[in-house]
Amino acid sequence: MDLSDTADEAAFRDDLRGWLAANLPADWGQRTPEPGRWDEDFSRAWSKRLFDAGYAGLTWPAKFGGGGKPPSFQAIYLEETARVGAPDHIGVIGLGMAGPTIIAHGTDKQKAKHLKAILSAEQIFCQGFSEPSSGSDLASLRTKAVKDGDHYVVNGQKVWSSYAHIADFCILLARTDPEAENHRALTYFLLDMKSEGVTVRPLRQITGDPEFNEIFLEEVKIPADCVLGEVGAGWRVAMTTLLHERGTLGFALTARLDVALQNLMATARRTGADADPLTRDRLAGLWIEMQGLRYTAYRSLAGLARTGVPGPEASITKLRWSETNQRLTKLALELLGPDAQLDGEDGFWSGYWQYQQLRSRGNTIEAGTSEVLRSIVAERVLGLPRSR
Ligand SMILES: Cc1cc2nc3c(=O)[nH]c(=O)nc-3n(C[C@H](O)[C@H](O)[C@H](O)COP(=O)(O)OP(=O)(O)OC[C@H]3O[C@@H](n4cnc5c(N)ncnc54)[C@H](O)[C@@H]3O)c2cc1C
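From a predicted model like this one, the values you see are computed outputs, not experimental measurements.

### Section: the overall build of the protein chain
Piece 1. In terms of helices and strands, the protein chain carries 10 helices and 7 strands.
Piece 2. On C-alpha atoms alone, the protein chain measures out to a radius of gyration of 21 Å, which is about the 21 Å that the 2.2 N^0.38 rule sets for 388 residues.
Piece 3. Once the C-alpha set of the protein chain is aligned to its principal axes, its extents read approximately 70 × 45 × 45 Å.
Piece 4. Residue burial in the protein chain is summarised as follows: out of 388 residues, 51% are buried.
Piece 5. The long-range share in the protein chain, meaning contacts at least 24 apart out of those at least 6 apart in sequence, stands at 73%.

### Remarks on the packing of helix α3 (residues 71–83) against helix α7 (residues 277–307)
Piece 1. For the pair α3 and α7, interaxial distance at closest approach is 9 Å and the crossing angle is 145 degrees. Between α3, through P71, S72, A75 and E79, and α7, the contact on the second element is made entirely by Y298, L301, L304 and A305.
Piece 2. For the contact of α3 with α7, a count of residues per class yields 6 nonpolar, 1 polar and 1 charged.

### Points about the site of the ligand
Piece 1. Taken together, 17 residues lie near the ligand, and S130, S136, W160, T369 and E371 sit nearest.
Piece 2. Interatomic distance of 2.6 Å between a side-chain N/O atom of E371 and an oxygen atom of the ligand.
Piece 3. For the ligand, whose unbound accessible area comes to 980 Å², protein coverage reaches 68%.
Piece 4. Split into classes, the residues belonging to the shell around the ligand amount to 4 nonpolar, 9 polar and 4 charged.

### With respect to the environment of N263
Piece 1. Relative to the helices and strands, N263 resides in helix α6 (residues 234–271).
Piece 2. N263 has contacts with P33, W349, Y352 and W353, leaving out every residue within four places of it along the chain.

### Let's talk about the pairing of strand β7 (residues 212–223)
Piece 1. Bridge count for strand β3 (residues 151–158) against β7 is 7 bridges, and the pairing is antiparallel. Bridged to K158 within β7 is I215.
Piece 2. Looking at chain direction, strand β6 (residues 198–203) and β7 are connected through 6 bridges and run antiparallel. In the strand pairing of β7, V200 is matched with I215.

### Focus on helix α4 (residues 92–105)
Piece 1. Compared with the 20 Å implied by 1.5 Å per residue over 14 residues, the 19 Å span of α4 between its first and last C-alpha is a close match.
Piece 2. The sharpest bend along α4 measures roughly 40 degrees and falls at A98, with the proline P100 sitting one to four residues further on.
Piece 3. Among all positions in α4, only I93, G94, L95, G96, M97, A98, G99, P100, T101, I102 and H105 are buried.

Calculation notes
- Residues numbered from 1 in each chain as written.
- Predicted model: local features only at pLDDT ≥ 70, side-chain atom pairs only at ≥ 80, totals over all residues.
- Heavy atoms only, no water.
- Helix = DSSP H or I, 4+ residues; strand = E, 2+ residues; numbered from the N terminus.
- Rg over C-alpha atoms; globule rule 2.2 N^0.38 Å.
- Buried < 20%, exposed > 50% of the residue type's maximum accessible area, 1.4 Å probe, protein only.
- Contact = heavy atoms within 4.5 Å.
- Axes fitted to C-alpha atoms, helices over the stretch in contact; angles between N-to-C directions.
- Nonpolar A, V, L, I, M, F, W, Y, C, P; charged D, E, K, R; others polar.
- Near = heavy atom within 4 Å.
- Polar contact = N/O pair within 3.5 Å; in protein donor to acceptor, adjacent residues only side chain to side chain.
- Areas by Shrake-Rupley, 256 points an atom, 1.4 Å probe, with all protein chains shown as cover.
- Pairing = 2+ DSSP bridges.
- Expected span 1.5 Å × (residues − 1).
- Bend = angle between axes of the 7 residues up to and from the residue.

Here you go:
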């Protein structure tokens, strides 16, 4: 397989580098890494600029406002933006999950209403799948949607919903048929978060950020034309979302891991730990793991380019990335020694590594826990018998 850029890809990479250099603040490259997230206004404005320049939804069909390009262009975009530490598009869930699901299963009206608005960051989506007792076993969820004339009345609770506090819409899974088997009882809705009866309560993560939320749904009316796909086919529609969640996120995060590794090398040099043979051995081990991940991500990308759908291999990237990232951030804190106790403004790079280590704990849980991903890899990639 030839991994060098084609002439078109090289031209795209050059243009993007030029655009980033012209659009990021002049001192951007000299800044130390940012510990937390960007604020909402800055992120929305940056996302709109990405959209105006044609960099949002590169692989989405042009008729929906996307770039109509093959997945390799998205990979280049991720590599280049990670290289300079550019902010992400704020619509992570819309771009990576809700949008592709609407493209695959939506009506023309739904496509017209949501797709361009997702790209331009006018509509931010959140994901209302998990419930207090339904995470990995998603099919056991209890939120109910009962048909009443031309709308559904929804009651229930969702939890761990990232971005719900700023979201305009939610991809919501609810039970529409209490009699049917778990998988056949679910329907997928596009919920307007401003609907009456929707209450969002922020939850504070271990990092201190209120990045995810509880959503309470009390007698919420959702018009029947906001069902995505067929009534009762919510499980199949949700599988499209979950495949895209791991497929697209996996590659994005591998590009970011590369940057974290470079930051780790800089930290090793700054602390003098790069002279220690045992540290050098651990750094080399992480670099090797990084290369393995990079090529697995390329393999998954080749599958995506061939079939248009991320394959189960994407679960390998997500699994290995999240665990490698935890080891990487742990080593960084070890290198800081007693200085690792100083957080915030007093800490090295304003507590960047402390933040990364705490945030990395959630990475092995969100988008499928490591245990669940190992089962997927065992069954669907290695062809081993089902464990349950
Ligand atoms: C940072 C973060 C952001 C998130 N964002 C969202 C979001 O935006 N929207 C949303 O809907 N959800 C979100 N989630 C929820 C996430 O998808 C769930 O936490 C995850 O699916 C696990 O479900 P659970 O918490 O109910 O744990 P459980 O499923 O109860 O699992 C508990 C433990 O049992 C293990 N386990 C469960 N089943 C099996 C099995 N079959 N075999 C082996 N081990 C098993 C798990 O691996 C885990 O260790 C987020 C979570 C985090 C941490």
